[in-house]
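Take a look at the letters that make up each chain.
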Amino acid sequence: MAKYVGAVDSGTTSSRFIIFDERGRIVGQDQKEHRQIYPKPGWVEHDPMEIWRNTGEVIRGALTKSGLKGSDLKAIGITNQRETTVVWDRCTGKPFHNAIVWQCTRTHDICKGLTEEGGQDRFREATGLPVATYFSGPKIRWILDNVPEAKAAAERGDALFGTIETWIIWWLTGGPKGGAHVTDVTNASRTMLMDLKTLSWDEEIMRILGVPMSGLARIVPSSDEGTWGPTSESGPLGARVPVCGAVGDQQAALVGQTCFAPGQAKNTYGTGCFLLMHTGHEPIQSRHGLITTLAYQFSNRKPSYCLEGSIAIAGALVQWLRDNLRMFDSAPEVEALAAKVEDTGGSYIVPAFSGLYAPYWRPDARGVMVGLTRYINRNHIARAVLEATAYQTKDIVEAMNRDSGVELKSLKADGGMVYNELLMQFQSDILNVPVVRPKVAETTCLGAAYAAGIASGFWSGREELYNNWEEDRTWRPDMDEKVRAEKYAGWKKAVERTYGWVE
Ligand code: ADP
């Protein structure tokens, strides 16, 4: 009897495979980082073949470490960095170009043209999204415009488009020998090509963007029993295991945190930072700079929607201190530096490295450090780096409160940065609400496992999942209201300094 469920987490910086038991506890895992390729300022790529190879390695690694076989798994789910786009040859499986990563700004001119023609919100009603370099549709267009072989193959109907879950599922279920070409609703909702209400590709937008239907994947629920086919026996699992869950990473964290009811919200602190609030079965349009997106769809039931505040750079700013400024060797060391000072000495860093995403949507913004004096040292800078994540989250919470008309009462947190105690306390202080971390902080993987486990009958339903959620630690606000207001006013001023840096 298969007693476990596995989840592939194909993230921005690494691939992971985690095996869970019935209680949602981790019984085995493996992880491998992949290369970040920066061909020009603002451009970011990944090698799709490296991602697929690493996926195989971590699957085999986790099985070996836990002493399990592929056939011990009842089902597997996938969660992935969203929006990142691959275009490949259906006959050979060979990508025509590196994957264009969500943070990449190379589609600036395409997006500028679309905005000048019809306004930044021209597709909002249909897709829930503003026109921005973040989303996949313009990335597909860029590859077709810039890679002649991709264009020729698209004309023959031989080019396949996909986000990363599509790419991984295609290989897992057989690759060039007949893999499934599917995308789940949460990932499809990030392409700027899917109609939020009908959950189908929007032909009008496809025409405007010049993206042909022949390359687009079949849109499927996030939790779907068996229609994508099992893994192939010759693949890394060495067995036929049903692939029946696929959820974009941020929505997967929402599921992993068991935010199944309207009004429930979570914030994931990883490379970027993403706050999602469940809003029920109807899409709610934002009036304050958030985006409307799919939360999940379980089988053929009604889909659930959410409002999302997306922040491009959070943990990535810590990586920047580590890799570009070489201030320390590993990300957690930032905390000890920041803890040496009481405050930032009046300085702020706004990491608008890819422009600013929610709630500002300013492609013309670039990063700034402001308020510098001779007094400021590396400790203040380390602190300003951590505080930047908390302030960006505050911007989102303010917008979320206005859009939903209800004040957020507490925030469920997860992701790599939540082990940073200083950040979590400052987050609670600046928001003036408690911040709660669950015991299993690998909520992204857990969400993908839940999607697969529910479809395959491994878990009976949501009640069982609620019971798996356990609190690890809560941080409570402890900051004077006046101090909070002054600090936040300084942040708002700093944000304005980022505008207009690029055309
Ligand atoms: P992703 O899934 O987006 O790849 P993770 O959730 O694994 O990201 O989180 C990794 C990010 O968190 C990195 O950007 C890293 O710089 C940051 N990070 C990890 N640990 C800490 C820490 N203790 N303090 C601050 N930042 C951290």
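Source: prediction; values computed, not measured.

Asker: Just to check I follow, could you spell out the site of the ligand for this structure?
Answerer: Looking at the ligand, there are 15 residues lining it, with Thr 13, Thr 271, Gly 315, Gly 416 and Asn 420 nearest. In the environment of the ligand, a nitrogen atom lies 2.9 Å from a nitrogen or oxygen atom belonging to the side chain of Asn 420. Computed on the free molecule, the ligand has an accessible area of 580 Å², of which 82% lies beneath the protein chains in the complex. Of the residues forming the shell around the ligand, the biggest block, 4 residues, is contributed by helix 10 (residues 315-323). Taken together, the residues that form the shell around the ligand break down as 6 nonpolar, 8 polar and 1 charged.

Asker: Got a minute to help me understand the nonpolar core in this structure?
Answerer: Considering soluble globular proteins, one finds that nonpolar side chains tend to be buried as a cluster. Of all hydrophobic cores here, the largest spans 137 residues; its most connected members are Leu 193 and Tyr 269. Tallying contributions element by element places helix 12 (residues 378-404) first for this core, with 12 residues. Once residues lying within four places of it in the same chain are set aside, the contact partners of Leu 193 are Thr 127, Gly 137, Ile 140, Ser 200, Trp 201, Asp 202, Ile 205, Met 206, Leu 209, Val 211 and Leu 216.

Asker: Help me understand the UniProt feature "binding site: sn-glycerol 3-phosphate" (unreviewed entry) in the chain, please; the structure alone is not making it clear to me.
Answerer: Within this numbering scheme, the UniProt entry marks Thr 12, Arg 82, Glu 83, Tyr 134 and Asp 249 as carrying the feature "binding site: sn-glycerol 3-phosphate" (unreviewed entry). By the secondary structure assignment, Arg 82 is in the loop between strand 5 (73-80) and strand 6 (85-89). Taking the relative accessible area as the measure of exposure, Arg 82 reaches 2% and is therefore buried. Apart from residues no more than four positions distant in its own chain, Arg 82 is found in contact with Trp 102, Tyr 134, Asn 187, Arg 190, Gly 248, Asp 249, Gln 250, Gln 251, Phe 274 and Glu 308. In terms of polar contacts, Arg 82 uses its side chain to reach the side chain of Asp 249, at 3.5 Å. Note that Asp 249 resides in helix 9 (residues 249-256). Apart from residues no more than four positions distant in its own chain, Asp 249 is found in contact with Thr 79, Asn 80, Gln 81, Arg 82 and Thr 444.

Asker: What's the story with the packing of aromatic side chains in this structure? I'm lost.
Answerer: For any two aromatic rings, the description comes down to two numbers: the centre-to-centre distance and the angle of the planes. Summed over all chains, the structure comprises 23 aromatic pairs. Residues Phe 260 and Tyr 466 carry aromatic rings whose centres are separated by 5.7 Å and whose planes lie at 80° to one another, so their mutual orientation is edge-to-face. Here Phe 260 is found in the loop between helix 9 and strand 12 (265-269), whereas its partner Tyr 466 is found in helix 15 (residues 462-468), with 206 residues between them in sequence. Classification of Tyr 466 by relative accessible area gives partly exposed; the value is 29%. Through pairs of rings, three or more aromatic residues link up here, namely Trp 102, Tyr 134, Phe 135, Phe 274, Tyr 357 and Trp 361. One cation-aromatic arrangement involves Lys 394 over Tyr 488; the distance from NZ or CZ to the ring centre is 5.0 Å. For Arg 462, the ring lying beneath its charged end belongs to Phe 260, and the centroid distance is 5.2 Å.

Asker: Explanation requested: the sheet that holds strand 5 in the structure shown.
Answerer: Strands pair in a sheet through their backbones, by hydrogen bonds, and they do so in one of two ways: parallel or antiparallel. The mixed open sheet is built from 5 strands, whose spatial order is 3-2-1-5-11. Looking along the sheet, the strands with just one partner apiece sit at the ends: strand 3 (26-33) and strand 11 (243-248). Between one strand axis and the next, the sheet turns by 15° as a mean value, whatever way the strands run. Summarising the sheet, strand 5 and strand 11 pair through 5 bridges and their orientation is parallel. Looking at the pairing, Asn 80 lines up with Gly 248 of strand 11. Contacting strand 5 and strand 11, helix 9 crosses the sheet at an angle of about 105° to strand 11.

Asker: What am I meant to see in the pairing of strand 12 here?
Answerer: Each regular strand carries side chains that alternate between the two faces of the sheet. With 5 of 5 residues buried, strand 12 lies mostly within the body of the structure. Here strand 12 shows two buried faces, one formed by Ala 265, Asn 267 and Tyr 269 and the other by Lys 266 and Thr 268. Of the pairings in the sheet, the one linking strand 12 to strand 13 (residues 273-280) comprises 5 bridges and is antiparallel in character. Paired with Tyr 269 across the bridge in strand 13 is Cys 273. In terms of strand pairing, strand 12 meets strand 18 (residues 411-414) through 3 bridges, oriented parallel. Note that in strand 18 the partner of Thr 268 across the bridge is Asp 414.

Rules used in this analysis
- Residues numbered from 1 in each chain as written.
- Predicted model: local features only at pLDDT ≥ 70, side-chain atom pairs only at ≥ 80, totals over all residues.
- Heavy atoms only, no water.
- Near = heavy atom within 4 Å.
- Polar contact = N/O pair within 3.5 Å; in protein donor to acceptor, adjacent residues only side chain to side chain.
- Areas by Shrake-Rupley, 256 points an atom, 1.4 Å probe, with all protein chains shown as cover.
- Helix = DSSP H or I, 4+ residues; strand = E, 2+ residues; numbered from the N terminus.
- Nonpolar A, V, L, I, M, F, W, Y, C, P; charged D, E, K, R; others polar.
- Core = buried A, V, L, I, M, F, W, Y, C linked by side-chain atoms within 4.5 Å.
- Buried < 20%, exposed > 50% of the residue type's maximum accessible area, 1.4 Å probe, protein only.
- Contact = heavy atoms within 4.5 Å.
- UniProt positions renumbered as here; feature names shortened; annotations may be inferred.
- Phe/Tyr/Trp six-rings, centres within 6.5 Å; stacked < 30°, edge-to-face > 60°.
- Lys NZ or Arg CZ within 6 Å of the ring centre and 35° of its normal.
- Pairing = 2+ DSSP bridges.
- Axes fitted to C-alpha atoms, helices over the stretch in contact; angles between N-to-C directions.

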